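Residues per chain, in single letters:
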Amino acid sequence: MDISRRKFLKIGAAAGGTAACAVAAPAQARNARQPDPQWYGMLNDSTRCIGCKACMVACKKENKLEAESTLGEKEALGEQLYDAPRGLSEHTYTLIKMHGEKEQEKTFVKTQCMHCVDPACASACIVGALKKQDNGAVKYDAGMCMGCRYCMVACPYSVPQFEWHKAIPAIKKCTLCSETRLEKGEPTACAGVCPAGAITFGKRTELIKIARARIDAAPDVYLDHIYGEEEVGGTGVLYLTKKQVAFAALGLGDFDYKPVSGLTESIQHRIFQYFIPPIAVYSILGGIMAYNQRRKHNAGIEGGDDEY
Amino acid sequence: MNIKALPLRHRFWTLNVAVLLFFMASGVVFAYFRFFHGFASVTNLNPAYPFGIWIAFDVACGVALAAGGFTTAAIVEIFGRHRYHALVRPAILTAFIGYFLVGLAVFFDLGKYYNIWHALVYWNGTSVLFEVAWCVMLYLSVLAIENLPNVVEQFRGRVALPGPLSALNAPTDWLLGKADGFCRRTMAFFVIAGVVLSFGHQSSLGTMMLIAPYKLHELWYTPLSPLLFLTSAVSVGIPMVVFEGTLAAKFFGRKPETELLSGIAKYIPLFLGTYLLLRLGDLAYRGVLATAFDGSLQGNAFLLEFALFAVPYFILKRRRSRQNPTLLFLCSLSVICAVVLNRFNVFLIGMDMGPEFNYFPSVGEWAITFAFIAFGVLLYKIGVNYLPILEEDH
């Protein structure tokens with residue numbers, strides 16, 4: 001057995017391990033993306049929502065979406081009576097759901113794309129088909145998409161939906177009416193139609209001020225927290241809730257105040273930073289290979305000493 | 001190297017080949033519905049489980065189980081253990097077939113499969129998938145080059161194309177000669193590149209699900225996940241070589257390479273030990289070991305996964321167990337199952353995307369997965385039958 005060679009291999013293994021660890025260890029979190037004051041968003045005040053679902057109807061009209069029959073009436077009666085979606089789907093970009101057991105805790109909550117400040121879907125998309133727009137909407141480009149569905153995994157709110165029934169499927173989700181209305185200076189369809197004033201459309205910075213003012217004006221009605229101001233690095237759609245009802249009970253997760261893509265991006269960044277880790281591993285392996293080949297050459301035998 | 005690898009030249013049409021073709025045919029039937037009537041007509045995928053068995057098994061496990069290629073190449077070519085060179089060619093061929101099938105599986109799983117080339121053109125550097133896609137693509141090319149010498153060795157100087165194509169015999173031979181020269185000069189570069197690329201995407205597959213901190217169970221959500229994926233892939237490399245070597249010997253009626261396999265198996269406990277140390281250390285450091293015993297599906301899945309990793313480690317540490325072909329085969333199988341279960345845990349079982357949905361692969365999903373496996377086995381048979389992959393019995 002060759003002691004010096006053994007030592008060399010150990011050093012090589014240790015160096016390789018260190019390089020691999022450098023790849024795996026998360027780098028310092030990248031700087032948080034700051035919300036642009038020009039970004040539009042919505043404020044959903046769950047204390048005001050009366051559950052009339054006018055927003056859902058307006059959304060379906062605006063985006064020309066099919067009604068969904070989930071009550072079995074189509075099978076039983078031969079005709080579809082209701083639009084009754086159970087969750088977000090390729091036909092339903094926004095949905096009102098009721099939460100809470102006790103009477104005073106019953107709350108209607110609107111779901112739709114949150115139009116995050118630092119969207120996980122945009123970070124995850126392999127081709128960059130999902131992008132944050134200058135007006136604040138997170139826009140999906142069907143022509144660029146490959147249909148890998150990684151955005152559905154990435155989104156902490158599970159918003160992007162897939163057309164499971166189509167031969168050539170695409171991702172479907174709320175557009176913030178970016179192209180159909182915002183560009184014409186109109187508010188989103190759902191906000192425009194809400195009879196209870198539960199959906200307020202506007203610039204995100206303004207909406208935070210409005211929300212703050214509502215909490216301050218009625219501190220015994222509202223929980224003193226604006227959901228989405230900081231959650232997952234900030235969202236474009238903000239929420240208010242009743243004092244006795246936690247956001248988590250409304251399906252709005254108790255998430256950290258940082259983007260969910262922080263860890264994956266810092267690991268990726270580590271690997272690609274000047275390509276140092278790959279080049280380091282390559283050089284170490286190359287060195288070991290050269291060493292072994294020279295040893296074999298010097299020994300003049302094929303096969304060599306295989307023990308270690 | 002004193003013993004030459006030769007094509008097997010066995011009879012091609014056997015009962016086993018018919019069985020493989022049957023599986024492939026049933027896969028084709030379901031593939032028709034997948035491509036012309038949408039995912040819903042074949043799969044049980046739903047909004048809460050956008051990734052199913054095609055990603056968890058065909059892609060994640062496919063990549064991990066093809067690790068035999070780069071681990072064997074590294075041990076023999078880089079670390080100079082030339083005693084095991086007989087294992088390199090089959091391992092590299094299997095890796096090539098494995099990655100080819102991974103690419104094919106991705107094609108089946110993509111909604112807009114015809115846009116697959118967008119990964120080359122539209123870059124999004126923040127995406128883990130971007131890195132995986134590039135590494136897999138480059139590594140597949142490297143594997144093709146690493147397999148090229150086998151083709152050259154077989155056909156150089158005796159190119160005999162059928163019928164009117166025979167006019168191309170001379171140019172083809174000239175090309176093979178060029179390829180030979182190219183391979184001889186650059187093989188070292190590609191061997192190392194293959195290992196580095198494997199490090200890259202094996203670990204990146206572990207980074208993939210870290211984008212979902214609120215969906216992936218804490219037993220698997222760890223910043224160390226890329227390193228764990230890499231070390232577990234390295235650990236399963238040799239077990240795959242043992243698994244394939246043993247089965248190939250059985251099905252092709254050859255003498256099993258017991259001595260070689262027992263020899264190279266001494267590295268298994270080394271790699272497994274490293275993995276287990278990292279895995280346990282990570283769980284202990286994050287203080288989540290207790291959740292493994294809470295009786296939940298995820299907790300039990302973890303315990304099974306861990307046992308499948310740990311038991312072969314303790315058995316294979318003993319030289320005598322490694323020299324027992326049956327025990328070695330069973331231990332290798334255990335490590336393979338452990339890695340498969342681990343990938344399933346990360347991509348499916350450990351993912352909780354809400355209480356309203358559940359997922360179990362449909363008949364169609366299984367059929368297409370089995371079709372891929374059958375296709376892989378068939379390609380392996382074609383490879384060893386017509387190319388100099390396996391060495392003569394000695």
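Residues numbered from 1 in each chain as written. Chains lettered and ligands numbered in written order. Predicted model: local features only at pLDDT ≥ 70, side-chain atom pairs only at ≥ 80, totals over all residues.

Asker: How should the overall build of chain A be read in this particular structure?
Answerer: Helices and strands together make up the secondary structure of chain A, namely nine helices and nine strands. Counted over contacts in chain A with a minimum sequence separation of 6, partners at least 24 positions apart contribute 64%. (Helix = DSSP H or I, 4+ residues; strand = E, 2+ residues; numbered from the N terminus. Contact = placed C-beta atoms within 7 Å.)

Asker: Mind showing me how you'd approach the overall build of chain B here?
Answerer: What chain B contains, in helices and strands, is 14 helices and zero strands. Beginning at the N terminus, the succession of helices and strands in chain B can be written as α-α-α-α-α-α-α-α-α-α-α-α-α-α. Its C-alpha radius of gyration of 22 Å places chain B within 12% of the 21 Å reference for a compact globule of 394 residues. Taken over the C-alpha atoms alone, chain B extends approximately 65 × 55 × 45 Å along its principal axes. Expressed as a percentage of the 394 residues in chain B, the buried residues total 50%. (Rg over C-alpha atoms; globule rule 2.2 N^0.38 Å. Buried ≥ 20, exposed ≤ 12 C-beta atoms within 10 Å, placed from the backbone.)

Asker: It is not clear to me how the sheet that holds strand β9 (residues 237–240) of chain A should be interpreted in this structure. Could you clarify?
Answerer: Strand pairing in a sheet relies on backbone hydrogen bonds, with the paired strands running either antiparallel or parallel. Residues and elements named next belong to chain A. As summarised here, the arrangement of the three strands in space is β8-β1-β9, forming an open sheet in which the pairing is mixed. Lying at the two open borders of the sheet, with one neighbouring strand each, are β8 (199–203) and β9. Ignoring which end each strand starts from, the neighbouring axes of this sheet average 20° apart. The pairing of strand β1 (residues 40–45) with β9 spans four bridges and is parallel. Its bridge partner lying in β9, N44 is registered against Y239. Seen against the sheet, helix α7 (residues 204–217) touches β1, β8 and β9 and runs at an angle of roughly 135° to β8. (Pairing = 2+ DSSP bridges. Axes fitted to C-alpha atoms, helices over the stretch in contact; angles between N-to-C directions.)

Asker: Got a minute to help me understand the interface of chain B and chain A in this structure?
Answerer: Size of an interface: often given as the accessible area lost when the parts come together. Across the contact, 57 residues belong to chain B and 60 residues belong to chain A. Those elements giving two or more residues to the side of chain B that touches chain A turn out to be α1 (15–37), α3 (68–78), α5 (118–121), α6 (128–155), α7 (169–208) and α8 (225–251) of chain B. The dominant element in the side of chain B that touches chain A, judged by the number of residues it contributes, is α7(B), at eight residues. Tallied by class, the residues present in the side of chain B that touches chain A amount to 36 nonpolar, 15 polar and six charged. (Nonpolar A, V, L, I, M, F, W, Y, C, P; charged D, E, K, R; others polar.)

Asker: I keep staring at the nonpolar core and nothing clicks. Help me out?
Answerer: Side chains of nonpolar character tend, in soluble globular proteins, to be buried together. A:C121, A:C125, A:I126, A:C151, A:A154 and B:I211 are the most contacted members of the largest nonpolar core, which has 197 residues in total. Leaving out residues up to four positions away in the same chain, A:I126 has contacts with A:M146, A:C148, A:Y150, B:A119, B:N124, B:S127, B:L129, B:F130 and B:A133. (Core = buried A, V, L, I, M, F, W, Y, C linked by C-beta atoms within 7 Å.)

Asker: Honestly, helix α11 (residues 297–316) of chain B in this entry has me stumped. Any pointers?
Answerer: It helps to recall that an α-helix has 3.6 residues per turn; residues three or four apart then point in one direction. Residues and elements named next belong to chain B. In this model, α11 (20 residues) spans 29 Å end to end at C-alpha, consistent with the 28 Å of a helix rising 1.5 Å per residue. Taken together, the buried positions of α11 are occupied by Q298, A301, F302, E305, F309, P312, Y313 and L316. Those residues of α11 that are buried lie in contact with α10 (267–286), α12 (319–322) and α13 (325–349). (Expected span 1.5 Å × (residues − 1).)

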